[in-house]
Amino acid sequence: MATTRIDRAQVTDTALRLLNEVGLDGLTLRAIAKELKVQAPALYWHFKNKQALLDEMATVMYRRMAADGVPGMTPDTPWQDQLAAFNRALRSMLLSYRDGAKVYGGARFTGTDHARSLEALLTAMGAAGIAPSDAVLAGTTAYAYTMGFVAEEQGMGPEPLDVDARAIRLGDYPLAAAAGPDLFGGYEERYEAGLRVVIAGIEAVFAGRGGAL
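Residues numbered from 1 in each chain as written. Predicted model: local features only at pLDDT ≥ 70, side-chain atom pairs only at ≥ 80, totals over all residues. Heavy atoms only, no water.

- Going by the annotation in an unreviewed UniProt entry, the name recorded for the protein is TetR/AcrR family transcriptional regulator C-terminal domain-containing protein, with Streptomyces melanogenes given as the source organism.

Looking at helix 1 (residues 8–26)
Right, so step 1: The end-to-end C-alpha distance of helix 1 is 20 Å, clearly below the 27 Å that 19 residues give at a rise of 1.5 Å each.
Right, so step 2: Taken as a whole, helix 1 carries its principal kink of about 95° at asparagine 20.
Right, so step 3: Within helix 1 the residues assigned to the buried category are Val11, Thr12, Thr14, Ala15, Leu16, Leu18, Leu19, Gly23 and Leu24.
Right, so step 4: Of the surrounding secondary structure, the elements contacted by the buried residues of helix 1 are helix 2 (29–36), helix 3 (50–66) and helix 5 (100–104). (Helix = DSSP H or I, 4+ residues; strand = E, 2+ residues; numbered from the N terminus. Expected span 1.5 Å × (residues − 1). Bend = angle between axes of the 7 residues up to and from the residue. Buried < 20%, exposed > 50% of the residue type's maximum accessible area, 1.4 Å probe, protein only. Contact = heavy atoms within 4.5 Å.)

Quick word on the UniProt feature "domain: HTH tetR-type" (unreviewed entry) in the protein
Right, so step 1: Residues annotated by UniProt as "domain: HTH tetR-type" (unreviewed entry) correspond here to residues 5–65.
Right, so step 2: Taken end to end, residues 5–65 comprises 70% helix and 0% strand; its first and last C-alpha atoms sit 28 Å apart. (UniProt positions renumbered as here; feature names shortened; annotations may be inferred.)

Let's talk about helix 6 (residues 115–127)
Right, so step 1: Taking 1.5 Å of rise per residue, the 13 residues of helix 6 would be expected to cover 18 Å, and the 18 Å separating its terminal C-alpha atoms lies within 8% of that figure.
Right, so step 2: Burial in helix 6 covers these residues: Ser117, Leu121, Ala124 and Met125. Along the axis of helix 6, the buried residues cluster in a sector spanning 95°; they form a single face. Exposed residues on helix 6 whose side chains face more than 90 degrees from its buried face are Arg116, Glu119 and Ala127. (Arc of directions from axis to C-beta.)

Below you can see the structure in the form of structure tokens.
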């Protein structure tokens, strides 16, 4: 291996590129080092372990998503629309990386890039009369919906499920069998419908608490 000088940004960019080629399970420090033409121990100057690298990868993923601002998140936009816009952007970003939800979920950001959109959303919800703790609950609930949806979506893999074969296998359970097309297809439509349900539920709960919605 050559003694190439590398920095954190090079390691992270290489890791994100390799992620799309080999997936999270194949993304080893050894594979990244080989791609960078350095010995694996050289990476430990920048990241103490793989989780530290994943934290940086998630931070860069978010940074790229928010680089030009999240469409629909402006100060004069109602909080419901801001919450929907952020989660749509999040889903799109996660889907642009193989195993994106696995990398992003549970990561600890290494920068403060995420604070801008969070501040904007909390400000908009506060202006609508929603207490900060309730606003956080609302935001994390919608976030959990998006993360879970994408994790399931990516976990299904590129090959569509044979819903007809599934229906035959579940012949003794007609309702469950008939649900196949709705369970394993139409991800765009199902995500949007579910997001509307989540946000409508949040609004209904906080309206019941006296929030000025």
